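Each chain, letter by letter, is given below.
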Amino acid sequence: MNAVPPTLNAAQVSRRAVVRGLGITGGLILSAPLVGCGQKTSDGLKGQTAETSAGDAKLDPSVYLQIDEEGTVHVFIHRVEMGQGSRTGLPMIIADELDADWDRVNFIQGNGDPKYGDQNTDGSTSIRKFYEPFRIAGATARAMLEEAAAQEWGVARSEVKLADHKVTNLVSGEAKDMGAFVAAAAKLPVPAPEILSFKTADERKYVGVGRKIIDMDGIITGTANFGQDVMLDGMLFAVAARPPVVGGTVKSYDKDAAMAVSGVVDVVELPANAEKPYLFKPLGGVAVLATNTWAAMKGRDALNIAFENGNSAAYDTTAFEQQLWDSVSAGGRVALKRGAGADGLEQSAKVFEADYFVPHLVHAPMEPPAATAAFAEDGTLDIYTHGQDPQTVQQTVAPYVGLEPKPDQIRVHSQLLGGAFGRKSKPDFAAEAAILAKVAGKPVKMVWTREDDVRHSYYHTIAAQRVRVGVDDMGMVNAWHHRAAYPSIGETFDAAATGPSDFELSLGLTDMPWQCEHLQVEACDAPSHVRIGWLRSVANIQQFFAVGSMVDEIAKAQNEDTYEYWMQLIGDDRVINPADDIAEGGVYPNYGESADRFPIETARLKAVLSQVKDMSQYGRTMPKGKGMGIAVHRSFVSYVACAVEVSVTDSGMPKVDKAWIAIDCGLAVNPDRVKAQMEGAVIFGISIAMHGKVTAEDGRIVESNYDRYPVARIDETPVTEVHIMDVDAPPGGVGEPGVPPVVAAIAQAVSQATGQRVRRLPIADMI
Amino acid sequence: MTDITINGAEVSLSGDDDMPLLWYLRDIKGMTGTKYGCGAGLCGACTVHVNGSAVRSCQTRIADMQDGDAVKTIEALADGDTLHALQQAWSDHDVPQCGYCQAGQLMQAASLLADNPNPSDEEIENAMWGNICRCGTYQRIKAAIRAVSNA
Ligand code: FES
Ligand code: FES
């Protein structure tokens with residue numbers, strides 16, 4: 001997720017469909033209006049006139065669909081692939097509306113050119129924000145090709161039909177490949193959007209049905225190119241020794257010793273990053289350039305480097321936890337207040353209180369960060385990397401190499417991402433590569449080791465929360481008071497932005513869907529001592545862990561069934577808008593979407609919850625040593641419920657045996673990838689709940705590789721069943737919303753199985 | 001100088017004796033199908049076959065190689081255009097998410113089935129335990145291996 005809540009301004013959105021030549025002879029190029037704006041639906045386009053434009057990039061950021069006279073459909077994919085499936089899902093949308101043969105679709109990866117619009121692959125937005133523009137692109141092209149054919153055959157438009165890549169004259173029965181009409185179609189005016197027709201659900205061939213991921217063959221044969229795999233002629237390989245404490249600077253190092261290692265070519269000091277905000281700037285340190293990665297690593301070992309440790313040298317996560325609890329006790333900024341807020345507890349018959357703690361986490365994607373930079377003879381730069389956003393790569397790199405962050409000066413070639421989970425949206429590594437390539441006068445691949453990745457990340461925050469919940473005579477919640485203290489992602493960008501922001505609080509706290517009279521959410525201050533960043537599901541991780549655990553705690557304390565208790569807490573079918581109760585001057589960003597297009601609907605929450613109850617038979621009596629958990633949460637505008645069953649193993653460590661998930665993500669474009677994301681969310685959730693913990697001592701991160709930062713392995717894999725709800729709603733996020741309810745459900749189930757309430761993660765620490 | 005074969009091609013190993021086979025393959029030979037994940041024998045991303053057995057190439061130094069050793073990497077798991085049964089099963093079960101771990105997973109699974117064509121679920125878990133998939137594709141990995149072993 002972006003740290004700064006995106007602001008929506010529908011009025012500024014250019015609503016034009018544009019056809020123009022772009023110098024490609026005989027091709028039909030259609031640039032679909034494409035802006036990250038939730039309000040834009042095909043309905044919303046009514047009354048707008050299509051017009052031809054020279055394409056002012058600022059007003060008309062666009063993605064391009066190009067069809068050539070051979071009938072090849074070129075789809076420009078402006079989002080990167082990290083396992084979530086967008087690189088396949090986005091072209092499916094265009095190909096379906098165009099009724100193109102999937103085998104004749106050519107996929108072209110976008111390269112940071114602003115003409116493609118926002119390319120940040122983050123916040124589970126790719127399909128959510130671009131479904132409409134992509135289907136409009138497909139439908140527009142189909143309409144134009146049909147119109148061209150109708151004119152050529154001298155029949156009415158209604159008497160021709162484009163299907164299966166062919167246009168058929170319904171009168172004569174004649175059929176021609178769509179490529180035959182490309183030249184004529186390119187000369188036609190663009191149809192007004194209101195006359196476009198879209199496929200009905202029954203007519204769709206790809207969307208909602210599914211296609212195999214386009215990179216399958218490359219992945220299984222080892223030919224797919226990831227960020228770490230880039231090879232350029234004459235390139236050098238670099239590894240760096242970075243300050244172990246963020247903000248630290250280099251004191252001394254032995255350049256000669258490193259240069260003496262066979263294969264080492266140069267030793268280069270990187271610019272320090274000693275002051276907050278740390279942004280996406282490289283951390284500084286010393287890089288060793290060599291003819292291969294191994295030699296660079298050996299050279300780095302030989303550096304015998306020493307650092308000045310800077311301002312965060314005292315950071316110790318154990319001591320810091322106490323500081324967080326002090327902050328929680330002191331209270332904080334009231335971000336949301338409904339009814340009497342915390343004072344509502346005075347009207348409660350009984351008050352429950354619980355403290356929850358979640359440590360720092362790190363993404364640790366299988367592929368550590370890497371970037372390869374090469375300067376062209378004219379001084380412009382090519383960067384081959386797996387950044388989640390090529391435009392952020394340009395902006396991060398530009399100031400270090402004296403270039404402008406423009407596509408004609410910095411060309412970003414997006415490689416596949418070997419997992420990312422948020423880490424690769426912060427391209428400090430790309431700036432390092434560019435700096436080194438400039439010094440070396442040769443292409444340089446900057447390779448991060450696993451230890452570098454774990455020790456120099458943008459960590460998931462460290463969070464303490466105190467929850468006080470009051471119930472009435474009937475045992476139902478009448479007041480919920482929630483305090484959260486944790487360093488903010490915002491501080492990575494603004495040194496003054498300490499403590500939870502409204503954006504962060506909106507991920508599981510200010511959006512609590514309870515039908516209770518009194519509600520108060522407080523942001524308790526906390527400074528950061530490491531770079532804080534977003535990690536898959538972001539603040540939902542700690543916040544929904546607390547919320548989902550507390551629901552179970554209150555239910556169990558009153559001998560209520562947790563499923564029934566969820567249902568009652570959520571209450572009547574209605575639409576919730578947290579903005580109504582947000583404190584003055586605050587915001588409820590709703591994942592960057594409008595409340596109209598993506599409202600919070602309690603009926604959808606209850607529907608997935610009830611589905612998962614049916615699948616799991618939640619409420620069964622559990623034998624000793626086993627437990628079940630159930631939780632439901634809306635995040636990234638999708639609704640996910642999860643139930644799990646765990647048992648305590650001989651070692652005393654609980655294991656998740658089974659998991660059931662129901663997801664309502666609106667339209668599921670590529671259902672198998674939605675299913676895969678849910679299966680993955682279960683494993684990611686197990687890693688967080690059972691094992692995830694990053695600690696710091698003397699300002700240094702203690703963990704370094706998968707031995708000390710364990711993640712779930714195959715023997716921890718539960719049998720997972722996923723159900724995708726059949727819902728008529730626009731597509732929501734998929735990559736992130738699975739994780740929060742998984743973590744909360746596991747915590748509940750382990751509490752039942754062990755008889756010990758889980759209030760701190762990871763669970764491994766409790767055993 | 002040690003003479004080995006890599007995917008059937010004869011190679012004389014030279015250079016730094018300490019260099020792990022992983023970096024020899026990736027940086028010296030430019031064969032990037034074999035992946036770097038941890039460099040410490042903890043993740044399995046770098047798995048290749050040496051004389052038919054799965055080994056972690058990040059933990060196998062050039063000095064550890066013997067004359068005549070046959071190295072096989074993911075690039076040669078298929079027989080020309082004919083996919084290995086496991087590769088086909090991986091595709092049929094839509095196993096990969098990001099895909100980065102999958103070369104190692106496939107090489108590990110191939111050596112398992114070569115030794116034990118009908119592994120039990122427990123044997124599958126034991127053999128595959130050292131291969132991390134951070135995307136969490138384990139359920140499908142198991143299903144794909146079972147599909148081939150039952151075939
Ligand atoms: S890279 Fe060899 S086991 Fe991880
Ligand atoms: S598919 Fe991404 S790490 Fe396994």
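Residues numbered from 1 in each chain as written. Chains lettered and ligands numbered in written order. Predicted model: local features only at pLDDT ≥ 70, side-chain atom pairs only at ≥ 80, totals over all residues. Heavy atoms only, no water.

Engineer: How should the overall build of chain A be read in this particular structure?
Structural biologist: Looking only at helices and strands, chain A has 16 helices and 30 strands in total. Relative to the 2.2 N^0.38 estimate, which gives 27 Å for 767 residues, the radius of gyration of chain A is 27 Å and therefore close to what a compact globule would have. Taking the contacts inside chain A whose residues are at least 6 apart along the sequence as the reference set, 79% of them involve residues at least 24 apart. Only carbon and sulfur atoms are counted for the fraction: they give 47% of the accessible area of chain A, which is about 25100 Å². One finds the centroid of the 71 positive side-chain charges in chain A at a distance of 2 Å from the centroid of its 98 negative side-chain charges. (Helix = DSSP H or I, 4+ residues; strand = E, 2+ residues; numbered from the N terminus. Rg over C-alpha atoms; globule rule 2.2 N^0.38 Å. Contact = heavy atoms within 4.5 Å. Areas by Shrake-Rupley, 256 points an atom, 1.4 Å probe, with all protein chains shown as cover. Lys, Arg positive; Asp, Glu negative; His and termini not counted. Charge placed at Lys NZ, Arg CZ, Asp CG, Glu CD.)

Engineer: Explain the interface of chain B and chain A to me, please; I cannot follow it from the model alone.
Structural biologist: Quite often, the size of an interface is put as the accessible area lost when its parts meet. With 50 residues of chain B at the interface, the matching set in chain A holds 60 residues. For the pair chain B and chain A, the summed buried area comes to about 4600 Å², and 58% of that belongs to carbon and sulfur atoms. Where chain B packs against chain A, one counts seven salt bridges. Glu 679 of chain A is paired through a salt bridge with Arg 140 of chain B; the nearest N and O atoms lie 2.7 Å apart. Summed over the shared surface of chain B and chain A, the number is 26 residue pairs in polar contact (both at pLDDT 80 or more). Among the elements of the structure, helix H1 (21-28), helix H2 (85-92), helix H3 (102-115), helix H4 (121-128) and helix H5 (138-150) of chain B are those that each provide at least two residues to the side of chain B that touches chain A. Of the residues forming the side of chain B that touches chain A, the biggest block, five residues, is contributed by H5 of chain B. (Buried area = accessible area lost by both parts, 1.4 Å probe. Salt bridge = Lys/Arg side-chain N within 4 Å of Asp/Glu carboxyl O. Polar contact = N/O pair within 3.5 Å; in protein donor to acceptor, adjacent residues only side chain to side chain.)

Engineer: Just checking my understanding: could you explain the domain arrangement of chain B for this structure?
Structural biologist: Residue and element names in this part refer to chain B. Each assigned domain of chain B is listed with its residue range as follows: domain 1 (2-74) and domain 2 (85-148). Computed from C-alpha coordinates alone, the two centres of domain 1 and domain 2 are separated by 21 Å. Each partner contributes residues to the interface: domain 1 has 16 residues there, and domain 2 has 12 residues. Contact between domain 1 and domain 2 buries roughly 1200 Å² in total, counting both sides, with carbon and sulfur atoms accounting for 57%. For the pair domain 1 and domain 2, the interface holds zero salt bridges. (Domains from an automatic or database assignment.)

Engineer: Looking at this structure, how should I read the domain arrangement of chain A?
Structural biologist: All names here are of chain A. Looking at the assigned domains, one finds that chain A contains domain 1 (10-221), domain 2 (227-310 + 369-447) and domain 3 (317-362 + 458-766). Between domain 1 and domain 3, the contact holds 27 residues from the first and 23 residues from the second. In total, about 1700 Å² of surface goes out of reach between domain 1 and domain 3, with carbon and sulfur atoms giving 53% of it. Run the count over domain 1 and domain 3 and you get one salt bridge. For Arg 128, the salt bridge is made with Glu 593, and the minimal N-O distance between the two is 3.0 Å. Scanning the region where domain 1 abuts domain 3 turns up four residue pairs in polar contact (both at pLDDT 80 or more). Looking at the side of domain 1 that touches domain 3, the elements with two or more residues in it are helix H1 (86-98) and helix H2 (126-153). The element that contributes the greatest number of residues to the side of domain 1 that touches domain 3 is H2, accounting for five residues.

Engineer: Quick question: what am I supposed to make of the sheet that holds strand E20 (residues 463-471) of chain A here?
Structural biologist: By way of backbone hydrogen bonds, the strands of a sheet pair with one another, either parallel or antiparallel. All names here are of chain A. Taking strand neighbours across the sheet as the criterion, the five strands line up as E14-E22-E21-E20-E15 in an open arrangement whose pairing is mixed. The open sheet terminates on both sides in strands that have one partner only, identified here as strand E14 (333-338) and strand E15 (350-358). Across the sheet, the mean angle from the axis of one strand to that of its neighbour is 10°, orientation sign disregarded. Looking at chain direction, strand E21 (residues 477-485) and strand E22 (residues 518-524) are connected through seven bridges and run parallel. Looking across to E22, one finds that Ala 479 is bridged to His 518. Sheet strands touched by helix H12 (residues 540-557): E15, E20 and E21. Its angle to E15, the strand with the most contacts, is close to 145°. (Pairing = 2+ DSSP bridges. Axes fitted to C-alpha atoms, helices over the stretch in contact; angles between N-to-C directions.)

Engineer: How should I be thinking about helix H6 (residues 293-302) of chain A in this particular structure?
Structural biologist: Side chains of residues three or four places apart in an α-helix project in the same direction, reflecting 3.6 residues per turn. Residues and elements named next belong to chain A. Taking burial as the measure, the 10 residues of H6 include seven buried ones, the bulk of the element. For H6, the full list of buried residues reads Thr 293, Trp 294, Ala 295, Ala 296, Met 297, Gly 299 and Arg 300. Capping the start of H6, Asn 292 holds a side-chain oxygen 3.1 Å from the backbone nitrogen of Trp 294, two or three residues further along. (Buried < 20%, exposed > 50% of the residue type's maximum accessible area, 1.4 Å probe, protein only.)

Engineer: How should the sheet that holds strand E2 (residues 9-13) of chain B be read in this particular structure?
Structural biologist: Residue and element names in this part refer to chain B. Pairing is mixed across the open sheet formed by five strands, whose spatial order is E2-E1-E5-E3-E4. Every interior strand has two partners, whereas the edge strands, E2 and strand E4 (53-56), have only one. Within this sheet the neighbouring strands show an average axis-to-axis angle of 35°, counted without direction. Pairing analysis gives five bridges linking strand E1 (residues 2-6) to E2, with the strands arranged antiparallel. The residue of E2 that forms the bridge with Asp 3 is Ser 12. Against the sheet, H3 engages strand E3 (47-50), E4 and strand E5 (70-72), with an angle of about 35° to E3.

Engineer: Please clarify how the environment of Ala 464 of chain A should be interpreted in this entry.
Structural biologist: All names here are of chain A. Mapped onto the elements, Ala 464 comes out in strand E20. A relative accessible area of 0% means that Ala 464 is categorised as buried. C-alpha separation for the pair Ala 464 and Asp 355, spaced 109 residues apart in sequence, amounts to 7.2 Å. Not counting chain neighbours up to four residues away, the residues in contact with Ala 464 comprise Leu 324, Trp 325, Val 328, Tyr 356, Arg 483, Ala 484 and Ala 485.

Engineer: Would you mind going over the packing of aromatic side chains with me for this structure?
Structural biologist: Within a pair of aromatic rings, the relevant descriptors are the distance that separates the centres and the angle that separates the planes. All names here are of chain A. If you walk through the whole model with that rule in mind, you get 16 aromatic pairs over all chains. A centroid spacing of 5.4 Å and a plane angle of 55° characterise the contact between Trp 102 and Phe 107, whose relative ring orientation is tilted. Accessibility expressed as a relative area gives 9% for Trp 102, which makes it buried. Exposure remark for Phe 107: the relative accessible area of 24% places this residue in the partly exposed category. Consider the rings of Tyr 356 and Phe 545, whose centres lie 5.6 Å apart with planes at 80°: the pair is edge-to-face. Taken together, the residues Tyr 356 in strand E15 and Phe 545 in helix H12 connect sequence positions 189 residues apart. With a relative accessible area of 1%, Tyr 356 lands in the buried category. Members of the aromatic cluster, connected to one another through ring pairs, are Phe 280, Tyr 458, Phe 493 and Trp 534. (Phe/Tyr/Trp six-rings, centres within 6.5 Å; stacked < 30°, edge-to-face > 60°.)

Engineer: What am I meant to see in the packing of helix H15 (residues 671-691) of chain A against H5 of chain B here?
Structural biologist: A pair of packed helices is characterised by two quantities: the angle between their axes and the separation of those axes. Relative orientation of the contacting elements H15 of chain A and H5 of chain B amounts to 110°, with a least axis distance of 9 Å. Regarding the angle of H15 of chain A to H5 of chain B, the classification is roughly perpendicular. For the pair formed by H15 of chain A and H5 of chain B, the contact residues are Asp 672, Arg 673, Lys 675, Ala 676, Glu 679 and Ile 683 of chain A on the first element and Tyr 138, Gln 139 and Arg 140 of chain B on the second. Among the residues forming the contact of H15 of chain A with H5 of chain B, the class breakdown is three nonpolar, one polar and five charged. (Parallel < 35°, antiparallel > 145°, perpendicular 65-115°, else oblique. Nonpolar A, V, L, I, M, F, W, Y, C, P; charged D, E, K, R; others polar.)

Engineer: Sorry if this is basic, but what is going on with the environment of Glu 81 of chain A here?
Structural biologist: Residue and element names in this part refer to chain A. Mapped onto the fold, Glu 81 is located in the loop between strand E4 (73-77) and H1. Judged by relative accessible area, Glu 81 falls into the buried class, the value being 8%. Remark: the alpha-carbon pair of Glu 81 and Phe 226, spanning 145 residues in sequence, is separated by 10.0 Å. In contact with Glu 81, not counting residues within four places along its chain, are Ser 86, Arg 87, Thr 88, Asp 215, Leu 416 and Leu 417.

Engineer: What is the right way to look at unusual backbone geometry in this model?
Structural biologist: With the exception of glycine, most residues fall at negative phi, and the peptide bonds are largely trans. All names here are of chain A. For the bond from Lys 276 to Pro 277, the omega torsion is -5°, close enough to zero to count as cis. With respect to the secondary-structure elements, Pro 277 resides in the loop between strand E11 (264-270) and strand E12 (285-290). Cis geometry is found at the peptide bond from Leu 761 to Pro 762, where omega equals 0°. One can find Pro 762 in the segment after helix H16 (739-754). With phi around 50°, Leu 279 is a residue other than glycine that occupies positive phi space. Within the element layout of this structure, Leu 279 appears in the loop between E11 and E12. Unusually for a residue other than glycine, Tyr 591 sits at a positive phi of about 55°.

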